[in-house]
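Residue-level structural notes
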Amino acid sequence: MNIEQVREYTLSLPAVTEDQAFGEDIINFRLEGKIFVCLWLGSDKHSVKDGASRFAIKLTPDRNTELRERFSAVTPAYHWNKTHWSDIYYEQLDDALVEDLIRESYELIVSKLPKAVKAKYLQ
């Protein structure tokens with residue numbers, strides 16, 4: 001996947017919004033105001049791992065541990081809570097896996113919403 005495909009897929013999920021609350025080099029994707037993906041646009045300001053393309057994603061602690069053990073392209077997130085957030089070097093992973101991880105993060109946020117709000121997103 002490239003950066004535009006990541007953005008396009010993430011925005012295709014129901015009710016997702018985007019903003020740049022942390023500056024011009026980061027796009028945050030939110031559901032009901034809650035960030036679930038933070039896409040780095042490539043400036044030197046937040047450069048890690050030789051400037052490779054990545055996004056931070058919120059997952060359960062166990063899932064983060066599992067993914068970090070299986071894939072070198074999944075690391076503790078830079079500037080995020082490392083228990084709950086991982087950096088995903090998406091160009092180094094299979095497209096289907098990247099989409100699954102984005103959806104998994106989205107669904108984690110849905111699961112934490114109040115019952116009345118959550119009902120809008122359950123399929």
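A brief report on the enclosed structure follows. Along each chain, the written sequence defines residue order, and numbers are assigned to residues from 1. Totals for whole chains, interfaces and linings use every residue, but because this is a predicted model, local features are given only for residues with pLDDT of at least 70 and side-chain atom pairs only at 80 or more, for both listing and counting. To obtain the side-chain values, all non-hydrogen atoms of the structure were used and water was disregarded.

1. Here we look at helix α3 (residues 95-112)
Numbering of helices and strands runs from the N terminus, with a helix taken as a DSSP run of H or I at least four residues long and a strand as a DSSP run of E at least two residues long. Expected helix span is given by 1.5 Å per residue-to-residue step, counting one fewer step than there are residues. Compared with the 26 Å implied by 1.5 Å per residue over 18 residues, the 26 Å span of α3 between its first and last C-alpha is a close match. For every residue, the accessible area obtained with a 1.4 Å probe (protein chains only) is divided by the maximum for its type, and the residue is called buried under 20%, exposed over 50%, and partly exposed between those limits. For α3, the full list of buried residues reads Leu97, Val98, Leu101, Ile102, Ser105, Tyr106, Leu108, Ile109 and Val110. Residue Asp94 occupies the N-cap position of α3, its side-chain oxygen lying 3.1 Å from the main-chain nitrogen of Ala96. Here a polar contact means two N or O atoms within 3.5 Å. Within protein one must be a hydrogen donor candidate and the other an acceptor candidate, and residues neighboring in sequence count only if both atoms are side-chain atoms.

2. Describing the sheet that holds strand β2 (residues 26-31)
When DSSP finds at least two bridges between two strands, those strands are taken to pair. Taken together, the 6 strands give an open sheet; going across it, the order is β1-β2-β3-β4-β6-β5, and neighbouring strands pair in antiparallel fashion. Two strands close off the open sheet at either side, each with one partner strand: β1 (16-19) and β5 (74-76). With strand direction ignored, the average angle separating the axes of adjacent strands in the sheet is 30°. Contact criterion: two residues are considered in contact whenever any of their non-hydrogen atoms come within 4.5 Å of each other. Between the N-to-C directions of two axes lies an angle of 0 to 180 degrees, each axis being a line fitted to C-alpha atoms and, for a helix, fitted only over the stretch in contact. Its contacts with the sheet place helix α1 (residues 3-12) against β1, β2, β3 (34-40) and β4 (55-58), and it is angled at close to 165° to β3. α3 rests against β1, β2, β3, β4 and β6 (85-88) of the sheet, and its axis sits at about 45° to β4.

3. Overview of the nonpolar core
Ranked by internal contacts, the top residues of the largest apolar core, which has 32 residues, are Phe36, Phe55 and Ile102. At the level of secondary structure, the elements contributing two or more residues to this core comprise α1, β2, β3, β4 and α3. Look past the residues within four positions of Ile102 in its chain and what remains in contact with it is Val6, Tyr9, Thr10, Leu13, Phe36, Val37, Phe55 and Ile57. Residues grouped as a nonpolar core are buried Ala, Val, Leu, Ile, Met, Phe, Trp, Tyr and Cys residues, joined through side-chain atoms within 4.5 Å. If you look at the next biggest cluster of nonpolar residues, it comprises 7 residues, including Ile35, Cys38, Ala77 and Trp85.

4. Overview of α1
Buried residues of α1: Val6, Tyr9 and Thr10, and no others. Summarising the axial view, the buried residues of α1 lie within an arc of 100°, below the 170-degree limit, and thus occupy one face. Seen from the open side of α1, the exposed residues pointing more than 90 degrees away from its buried face are Glu8 and Ser12. Where the residues of α1 are buried, they touch β1, β2, β3, β4 and α3. An arc is given here, and it is the one of the directions from the helix axis to the C-beta atoms.

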